[in-house]
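Residue strings, one per chain:
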Amino acid sequence: MELEDLRAGLCREELRLTEAFKEYMLISSALAEYGHENNVPVSDRAAEEERLKNSLKATDAYLRPYMEEFLTTLYALSWAFRSEILDDLED
């Protein structure tokens with residue numbers, strides 16, 4: 001495989017990750033709105049830990065540390081986004 005093919009592959013996968021990230025954040029937004037409208041907490045650390053554990057089980061051992069960092073960063077971004085949405089809804 002040529003260098004340009006490899007770079008094109010990375011670009012293609014980054015676009016897929018971008019679409020997946022946008023969808024994840026849309027769902028996170030809907031979760032925040034649901035919690036606000038129904039007066040229920042939207043944070044569930046136990047469920048998050050379970051999802052992380054399951055994702056790590058499905059990941060090859062040599063990639064697990066990177067997957068763990070990727071997902072914990074994603075969770076933190078999602079929490080920050082939901083917090084902003086909730087702040088906006090309460091104003």
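What counts and how
- Residues numbered from 1 in each chain as written.
- Predicted model: local features only at pLDDT ≥ 70, side-chain atom pairs only at ≥ 80, totals over all residues.
- Heavy atoms only, no water.
- Helix = DSSP H or I, 4+ residues; strand = E, 2+ residues; numbered from the N terminus.
- Buried < 20%, exposed > 50% of the residue type's maximum accessible area, 1.4 Å probe, protein only.
- Salt bridge = Lys/Arg side-chain N within 4 Å of Asp/Glu carboxyl O.

(A) Focus on unusual backbone geometry. One non-glycine residue, Asn39, lies in the positive phi region at around 55°. Mapped onto the elements of the fold, Asn39 is located in the loop between helix H1 (3–38) and helix H2 (45–57). A relative accessible area of 73% places Asn39 in the exposed class.

(B) Fine view of the pattern of salt bridges. Counted under the stated rule, the structure contains six salt bridges. Between Arg12 and Glu13 there is a salt bridge, with the nearest N and O atoms lying 3.8 Å from each other. One salt bridge connects Glu19 with Lys22, and the closest N-O pair in it is separated by 3.0 Å. Of the two residues, Glu19 and Lys22 are both situated in helix H1; the distance of three residues between them amounts to about one turn of the helix. With a relative accessible area of 45%, Lys22 lands in the partly exposed category. Counted as one network, the salt bridges with shared partners bring together Arg12, Glu13 and Arg16.

What is shown is where atoms sit, not what they do.
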